[in-house]
Amino acid sequence: MRDILDVHTHTIASGHAYNTMTEMIHAAQEKGLEVYGITEHAPRMPGSCHDFYFHNLKVVERQYGDLELLLGVELNILDEDGSVDLAEPYLGHMDVAIASLHGPCICPGSRRRNTACVINAMKNPHINIIGHPDDGRFPLDYEAVVQAAGEYHTLLEINNNSLNPRGFRQNARENDLQILRLCKKYRVPVIIGSDAHCAQEILRHDFVLPLLEETDFPEELVVNTDKTKLYAFINKYRGQ
């Protein structure tokens, strides 16, 4: 499978990652990516960037030779209403916006409550991707989530970090298989994300690829194969 983009990564600005923006961009170039995204953790994540960081992303170049750089945010979903921790108009100015459930920012709730958190976040037109919906610490009604992703034109991420045996998310493999089978059933696209926190992890999708094979997941529903598929979902290009 052609795999030419990775838009869920972090630099030292997120507070718990280990390379600079320049180092990460250079690594993305070396790996032959066509589109590379840096999506720092939003302000409610302990140790991450202040709002001002996201306000000032306009000063950073977006093209590095053949590599297109997307700069955005991994938001924290804060409540059952789907509230997140970057206000408008700045959220709408992000090239790409991921929204995720993170333990430091919201306590896991019931399956019904967690599902409401995610689906209501999808209703925000400036949220493009739901990050690592496979974390079993936040149980979800996957059928409802997948159907909502189709309705609200939001990508569901299959997160390589979640599947790493050294990781801390629970039941990710079983949950990802369920997500993929439902996305296949309802024809809902997915995006593979490395969730890299250091340069060598960029484009690391090795734990995800066997799950795509196991589910016989249609290549046309994986946006990583063609940047124009991604463009249909993200703030930078949506509506063009």
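Residues numbered from 1 in each chain as written. Predicted model: local features only at pLDDT ≥ 70, side-chain atom pairs only at ≥ 80, totals over all residues. Heavy atoms only, no water.

Enquirer: Looking at this structure, I do not really get the overall build of the chain. What am I missing?
Expert: When helices and strands are counted, the chain shows eight helices and eight strands. For the chain, the C-alpha radius of gyration of 16 Å lies close to 18 Å, the compact-globule estimate for 240 residues. Expressed along its principal axes, the backbone C-alpha trace of the chain runs to roughly 40 × 40 × 35 Å. When each of the 240 residues of the chain is scored for burial, the buried share is 56%. For the chain, the proportion of contacts with a sequence separation of at least 24, taken over those separated by at least 6, is 78%. When the accessible surface of the chain is split by element, carbon and sulfur atoms take 51% of a total near 10,100 Å². The average position of the 22 basic charges and that of the 34 acidic charges among the side chains of the chain differ by 3 Å. (Helix = DSSP H or I, 4+ residues; strand = E, 2+ residues; numbered from the N terminus. Rg over C-alpha atoms; globule rule 2.2 N^0.38 Å. Buried < 20%, exposed > 50% of the residue type's maximum accessible area, 1.4 Å probe, protein only. Contact = heavy atoms within 4.5 Å. Areas by Shrake-Rupley, 256 points an atom, 1.4 Å probe, with all protein chains shown as cover. Lys, Arg positive; Asp, Glu negative; His and termini not counted. Charge placed at Lys NZ, Arg CZ, Asp CG, Glu CD.)

Enquirer: Explanation requested: the pattern of salt bridges in the structure shown.
Expert: Here the idea is simple: oppositely charged side chains can pair when their charged atoms come close. For the structure on display, the rule yields twelve salt bridges. Salt-bridge contacts for E201 lead to R204; the nearest nitrogen and oxygen are separated by 3.5 Å. Accessibility expressed as a relative area gives 16% for E201, which makes it buried. Salt-bridge contacts for R204 lead to D206; the nearest nitrogen and oxygen are separated by 2.9 Å. A relative accessible area of 25% means that R204 is categorised as partly exposed. (Salt bridge = Lys/Arg side-chain N within 4 Å of Asp/Glu carboxyl O.)

Enquirer: I'm lost on the pairing of strand β2 (residues 35-41) in this one. Help?
Expert: On a regular strand, one side chain projects to one face of the sheet and the next to the other, so that they alternate. Counting buried positions over the seven residues of β2 gives seven, a clear majority of the element. Note on the crossover from strand β1 (residues 5-6) through helix α1 (residues 21-30) to β2: the handedness is right-handed. Inspection of the sheet shows β2 paired to strand β4 (residues 67-76) by seven bridges, in the parallel sense. Within the sheet, the bridge partner assigned to V35 lies in β4 and is E68. (Right-handed = clockwise from strand over helix to strand, strands pointing away. Pairing = 2+ DSSP bridges.)

Enquirer: Looking at this model, I keep getting lost on the nonpolar core. Mind explaining?
Expert: Side chains of a nonpolar character, in soluble globular proteins, are inclined to be buried together. Of all hydrophobic cores here, the largest spans 62 residues; its most connected members are Y36, V73, L75 and L156. In terms of residue count, the dominant contributor to this core is helix α6 (residues 172-186) (six residues). L75 has contacts with A42, V84, D85, L86, L91, A97, I98, A99, S100, H102 and I127, leaving out every residue within four places of it along the chain. V7, L230, F233 and I234 belong to the second-largest nonpolar core, a separate cluster that totals 15 residues. (Core = buried A, V, L, I, M, F, W, Y, C linked by side-chain atoms within 4.5 Å.)

Enquirer: What exactly am I supposed to notice about the pairing of strand β5 (residues 97-100) here?
Expert: Here β5 shows a buried face lined by A97 and A99 and a second buried face lined by I98 and S100. With four bridges joining them, β4 and β5 adopt parallel strand pairing. Its bridge partner being in β5, E74 is matched across the sheet by I98. Of the strand pairs in this sheet, β5 and strand β6 (residues 129-130) are connected by two bridges, and their pairing is parallel. Within the sheet, the bridge partner assigned to I98 lies in β6 and is I129.

Enquirer: Help me out: how do you make sense of unusual backbone geometry in this one?
Expert: Most peptide bonds take the trans form, and the phi angle of most residues other than glycine is negative. The residue after E88, namely P89, is reached through a cis peptide bond having omega 5°. Tracing the backbone shows P89 in the loop between β4 and β5. Notably, H153 is not glycine yet its phi reads approximately 55°, a positive angle. Following the sequence through the fold, H153 ends up in the loop between α4 (142-152) and β7 (155-159). Even without glycine at this site, R187 takes up a positive phi of about 60°. With respect to the helices and strands, the residue R187 is situated in the loop between α6 and β8 (190-193).

Enquirer: What is the right way to read α4 from this model?
Expert: Buried within α4 we find Y142, V145, V146, A148 and A149. The arc that holds every buried residue of α4, seen down its axis, measures 160°, which confines them to one face. Within two residues after α4, H153 carries a phi angle of roughly 55°, on the positive side. (Arc of directions from axis to C-beta.)

Enquirer: When you look at the environment of A99 in this model, what are you seeing that I'm missing?
Expert: Tracing the backbone through its elements, the reader meets A99 in strand β5. Note: C-alpha distance between A99 and E74 (25 residues apart in sequence) is 5.6 Å. Leave out the neighbours within four places in its chain, and A99 touches L75, I77, I127, I129, I130 and G131.

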